[in-house]
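# Topology and contacts: notes
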Amino acid sequence: MDLGTKPRSLMEKHYSYTEIAEMLKVPISTLYLFKKEGTGPHTLRVGRHFRVSESDLKDWLLKRRD
(Lines give C-alpha, C1' and ligand atoms only; values in the text may rest on other atoms or scores of the structure.)
Protein backbone atom coordinates (compact mmCIF):
# COMPACT_ATOMS: atom_id res chain seq x y z
CA MET A 1 0.00 0.00 0.00
CA ASP A 2 1.41 3.37 -1.04
CA LEU A 3 0.64 5.89 1.71
CA GLY A 4 1.58 8.70 -0.64
CA THR A 5 -1.66 8.15 -2.58
CA LYS A 6 -3.94 8.29 0.47
CA PRO A 7 -6.17 11.33 0.85
CA ARG A 8 -4.67 13.92 3.17
CA SER A 9 -7.48 13.60 5.71
CA LEU A 10 -6.65 9.92 6.33
CA MET A 11 -3.02 10.78 7.11
CA GLU A 12 -3.64 13.51 9.67
CA LYS A 13 -4.72 13.43 13.30
CA HIS A 14 -8.33 12.47 13.97
CA TYR A 15 -10.25 13.42 17.11
CA SER A 16 -13.01 11.52 18.88
CA TYR A 17 -16.22 13.27 19.86
CA THR A 18 -15.08 13.02 23.48
CA GLU A 19 -11.85 14.88 22.68
CA ILE A 20 -13.69 17.55 20.71
CA ALA A 21 -16.27 18.04 23.48
CA GLU A 22 -13.46 18.50 26.00
CA MET A 23 -11.61 20.97 23.75
CA LEU A 24 -14.74 23.04 23.12
CA LYS A 25 -16.07 22.63 26.66
CA VAL A 26 -19.48 21.47 25.46
CA PRO A 27 -21.48 18.34 26.30
CA ILE A 28 -20.80 15.43 23.95
CA SER A 29 -24.56 15.29 23.32
CA THR A 30 -24.22 18.67 21.57
CA LEU A 31 -21.89 17.12 18.98
CA TYR A 32 -24.29 14.22 18.39
CA LEU A 33 -27.13 16.71 17.98
CA PHE A 34 -25.10 18.69 15.42
CA LYS A 35 -24.41 15.45 13.54
CA LYS A 36 -28.09 14.51 13.57
CA GLU A 37 -29.06 17.98 12.30
CA GLY A 38 -26.33 17.89 9.63
CA THR A 39 -24.61 20.96 11.07
CA GLY A 40 -21.60 19.24 12.65
CA PRO A 41 -18.15 18.66 11.22
CA HIS A 42 -17.60 15.99 8.56
CA THR A 43 -17.06 12.68 10.34
CA LEU A 44 -15.40 9.39 9.56
CA ARG A 45 -16.98 6.30 11.07
CA VAL A 46 -14.57 3.72 12.46
CA GLY A 47 -16.63 0.78 13.66
CA ARG A 48 -19.08 2.25 16.16
CA HIS A 49 -17.00 5.38 16.69
CA PHE A 50 -16.94 8.75 14.95
CA ARG A 51 -13.69 10.55 14.21
CA VAL A 52 -13.14 14.06 12.85
CA SER A 53 -9.95 15.00 11.02
CA GLU A 54 -8.03 18.00 12.28
CA SER A 55 -8.57 19.90 9.02
CA ASP A 56 -12.33 19.17 8.98
CA LEU A 57 -12.60 20.34 12.58
CA LYS A 58 -10.72 23.57 11.81
CA ASP A 59 -12.84 24.21 8.71
CA TRP A 60 -16.07 23.63 10.65
CA LEU A 61 -14.98 25.93 13.47
CA LEU A 62 -14.00 28.68 11.04
CA LYS A 63 -17.40 28.48 9.33
CA ARG A 64 -19.16 28.81 12.70
CA ARG A 65 -17.31 31.98 13.69
CA ASP A 66 -19.40 35.11 14.18
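Below: a short report on this structure. (Residues numbered from 1 in each chain as written. Predicted model: local features only at pLDDT ≥ 70, side-chain atom pairs only at ≥ 80, totals over all residues. Heavy atoms only, no water.)

## Things to note about the overall build of the protein
From N to C terminus, the protein includes 4 helices and 3 strands. Traced from its N-terminal end to its C-terminal end, the protein shows the element sequence α-β-α-α-β-β-α. Within the protein, buried positions represent 23% of all 66 residues. Here the contacts in the protein between residues at least 6 apart in sequence split such that 52% fall between residues at least 24 apart. (Helix = DSSP H or I, 4+ residues; strand = E, 2+ residues; numbered from the N terminus. Buried < 20%, exposed > 50% of the residue type's maximum accessible area, 1.4 Å probe, protein only. Contact = heavy atoms within 4.5 Å.)

## Section: the side chain of Ser53
Mapping Ser53 onto the fold places it in strand β3 (residues 49–53). One polar contact links Ser53 to Asp56, side chain to side chain, over a distance of 3.0 Å. (Polar contact = N/O pair within 3.5 Å; in protein donor to acceptor, adjacent residues only side chain to side chain.)

## What to know about the nonpolar core
One finds Tyr15, Tyr17, Ile20, Ala21, Leu31, Phe34, Phe50, Val52, Leu57 and Trp60 forming the largest nonpolar core, which totals 10 residues. If you list the elements that add at least two residues to this core, you get α2 (17–24), α3 (28–37), β3 and α4 (54–63). Per-element tally for this core: the top contributor is α2, with 3 residues. Once residues within four sequence positions are removed from consideration, Ile20 is found in contact with Tyr15, Leu31, Val52 and Leu57. (Core = buried A, V, L, I, M, F, W, Y, C linked by side-chain atoms within 4.5 Å.)

## Details of the pairing of β3
Sheet topology places strand β1 (residues 14–16) next to β3; 3 bridges connect them, and they run antiparallel. For Tyr15, the partnering residue across the bridge sits in β3 and is Val52. Pairing between strand β2 (residues 44–46) and β3: 3 bridges, direction antiparallel. For Arg45, the partnering residue across the bridge sits in β3 and is Phe50. Between the antiparallel neighbours β2 and β3 lie 2 residues, among them Gly47 with a positive phi of about 65°. (Pairing = 2+ DSSP bridges.)

## Things to note about α2
An α-helical turn contains 3.6 residues, so any two residues separated by three or four positions project in the same direction. Tyr17, Ile20 and Ala21 are the residues of α2 that are buried. In an axial view of α2, the angular spread of the buried residues amounts to 100°, which keeps them on one side of the axis. At its buried positions, α2 is contacted by β1, α3, β3 and α4. Downstream of α2 by one or two residues, Lys25 has phi in the positive range, about 55°. (Arc of directions from axis to C-beta.)

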